[in-house]
Amino acid sequence: MKKPEIAIVGGGPAGLSAALSAVRQGAQVMLIDRDPVLGGQLVKQTHMFFGSKKQYAAIRGIDIPQKLLAALQEEGNGKFDPRVNTTVLGCYDDGVLLLEKEDRAELIQPRKIIIATGAAEKMLPFPGNDLPGVYGAGAVQTLMNVYGIKPGTRVLMIGAGNIGLIVSYQLLQAGVEVTAIIEGAPKIGGYLVHATKVRRAGIPILTSHTIKKAYGCDSVEGAVLCNLDEKWCAVPGTEQSLAVDVICLAVGLTPQTELLWQAGCEQQYLPELGGYVPLRSEKMQTSLSHLFVAGDAACIEEAGSAMVEGKIAGLFAAADLGYAENVEALNETFSRELEELRSGPAGAKIRQGLSRLKGGAQVC
Amino acid sequence: MEEDTIICRCEDLTLADIRKTIKSGHQNPQVIKRLTRCGMGPCQGSTCRELLLKEVASAAGKSVGELEMTTYRPPTKPIKIKSMLGADKDDS
């Protein structure tokens, strides 16, 4: 059984940053991802990032993995072992991971594990939600931006958070008509810079609206919408029908914590952070000392904070193995980056969620 | 919401199926999962788990965090039996 010093599950922004951080400290890292290329959700994010230069602002998401991988190749010094097309099937309480690649299973026993598995899309229950043509926004983005496939011709987007707004704009760029964006809340959830962009392109954003049902014979032919009152109840008589062949759900993400549950980490249900999240210290260490967590698996945020959490998790996983050079100074820098990212009004929900997390996780 | 709404796509369970099970006296998601197979299909509950929890929470007048969570077990995705036959037996 192989015993890598650190195994990182998930090669997205959090996992890649964790790998780089740990390798820089001198630790040996195995980075495991089920997809054929590393980068996680970044591989389809054709838009530029906001925020600070340290988190690659003004660079397109799709260009970030190459930068991190180039640094890993350069500084890895034989200590970086990427494993693609590899799924972690099990994470056991004795620290053993069960991997699967091309129908072959393998057990490994890393000394430290960093779970950076990201998020899963939430589903909305409505009649007809099992018709072909109902997609998650992430799936639509993958089809278009990774495989070059149009999901359909006329789209109804559900959810005016950043994902709903950005994917709507990318649908337009691909030549697909977006009939409307609807949002259950009375306010647009995403950044107004994204919202104004789609409004200028002529897409209506209907707040306090929801989908009542999808209809169609073999696939989606349309949707019935209705207004919601301030208690989120459907207002009778406000139904309207929209002819669309794609219904795209962008109704939120939830941390992908299944491996943490399997291992037996303590978790807490915090809707502000996306659902159940693992308890962890300011070192991103969970209730099990060999298990660390970073990115959307820890709480639903953005790629920028996922990368910083990855750096912190990588730093302390390595420090626990004795690679303890300069830990305090580096941690201070990383913590400050995280604090800055969460300082604005957009970070209010995250700050509130983290302040309710049991066991003293970082609170900005 | 109409009761023929699908909650668990893998196991073809509707909202009516879930509500019927709750009405028969069950408010523990773990028990409802075992009775109905909700969340036991190929996607292992990644679509329906939260929908089930919310439905039970609203029927029980509790928050999702107060309910007993359903158990997660390996494997995280369906695999062929042959992949396990080749697994590493070395315990050293």
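Computed from a predicted model, the values in this text were never measured in an experiment.

(A) Molecular detail of the sheet that holds strand 9 (residues 134-136) of chain A. All names here are of chain A. What the five strands build is an open sheet, ordered 9-16-10-11-12; its pairing is parallel. Since the sheet does not close on itself, it has two edges, and those belong to strand 9 and strand 12 (205-207), each with one partner. In this sheet, neighbouring strand axes are inclined to one another by 20° on average, regardless of whether the strands run parallel or antiparallel. Here strand 9 pairs with strand 16 (residues 246-249) via three bridges, running parallel. Along strand 16, the bridge assignment pairs Val134 with Ile247.

(B) Spotlight on a nonpolar patch on the surface. Residues Val146, Tyr147 and Ile149 of chain A make up a contiguous nonpolar surface patch of about 300 Å² in total accessible area. Along the polypeptide, Val146 of chain A turns up in the loop between helix 3 (137-145) and strand 10 (154-158).

(C) Main features of the pairing of strand 18 (residues 267-270) of chain A. Neither face of strand 18 of chain A is exposed, since Gln267 and Tyr269 of chain A on one face and Gln268 and Leu270 of chain A on the opposite face are all buried. Hairpin connection of strand 18 of chain A to strand 19 (residues 275-278) of chain A: four residues between the antiparallel strands, including Gly274 of chain A at a positive phi of 110°.

(D) Structural context of the domain arrangement of chain A. All names here are of chain A. Here chain A is partitioned into domain 1 (6-120 + 253-355) and domain 2 (123-249). A C-alpha centroid distance of 31 Å is found between domain 1 and domain 2. Each side of the interface is counted separately: domain 1 has nine residues, and domain 2 has 12 residues. Carbon and sulfur atoms supply 60% of the area that domain 1 and domain 2 bury against each other, a total of about 820 Å² over both sides. By the criterion of area lost to domain 2, the three top residues of domain 1 are Lys44, His47 and Phe50, representing 59% of everything that side buries. Summed over the shared surface of domain 1 and domain 2, the number is zero salt bridges. Linking domain 1 to domain 2 there are six residue pairs in polar contact (both at pLDDT 80 or more). Tallied by class, the residues present in the side of domain 1 that touches domain 2 amount to four nonpolar, three polar and two charged.

What counts as what
Residues numbered from 1 in each chain as written. Chains lettered and ligands numbered in written order. Predicted model: local features only at pLDDT ≥ 70, side-chain atom pairs only at ≥ 80, totals over all residues. Heavy atoms only, no water. Pairing = 2+ DSSP bridges. Helix = DSSP H or I, 4+ residues; strand = E, 2+ residues; numbered from the N terminus. Axes fitted to C-alpha atoms, helices over the stretch in contact; angles between N-to-C directions. Patch = residues over 30% accessible without salt bridge, like charges linked within 9 Å, V, L, I, M, F, W, Y side chains within 5 Å. Areas by Shrake-Rupley, 256 points an atom, 1.4 Å probe, with all protein chains shown as cover. Salt bridge = Lys/Arg side-chain N within 4 Å of Asp/Glu carboxyl O. Buried < 20%, exposed > 50% of the residue type's maximum accessible area, 1.4 Å probe, protein only. Domains from an automatic or database assignment. Contact = heavy atoms within 4.5 Å. Buried area = accessible area lost by both parts, 1.4 Å probe. Polar contact = N/O pair within 3.5 Å; in protein donor to acceptor, adjacent residues only side chain to side chain. Nonpolar A, V, L, I, M, F, W, Y, C, P; charged D, E, K, R; others polar.

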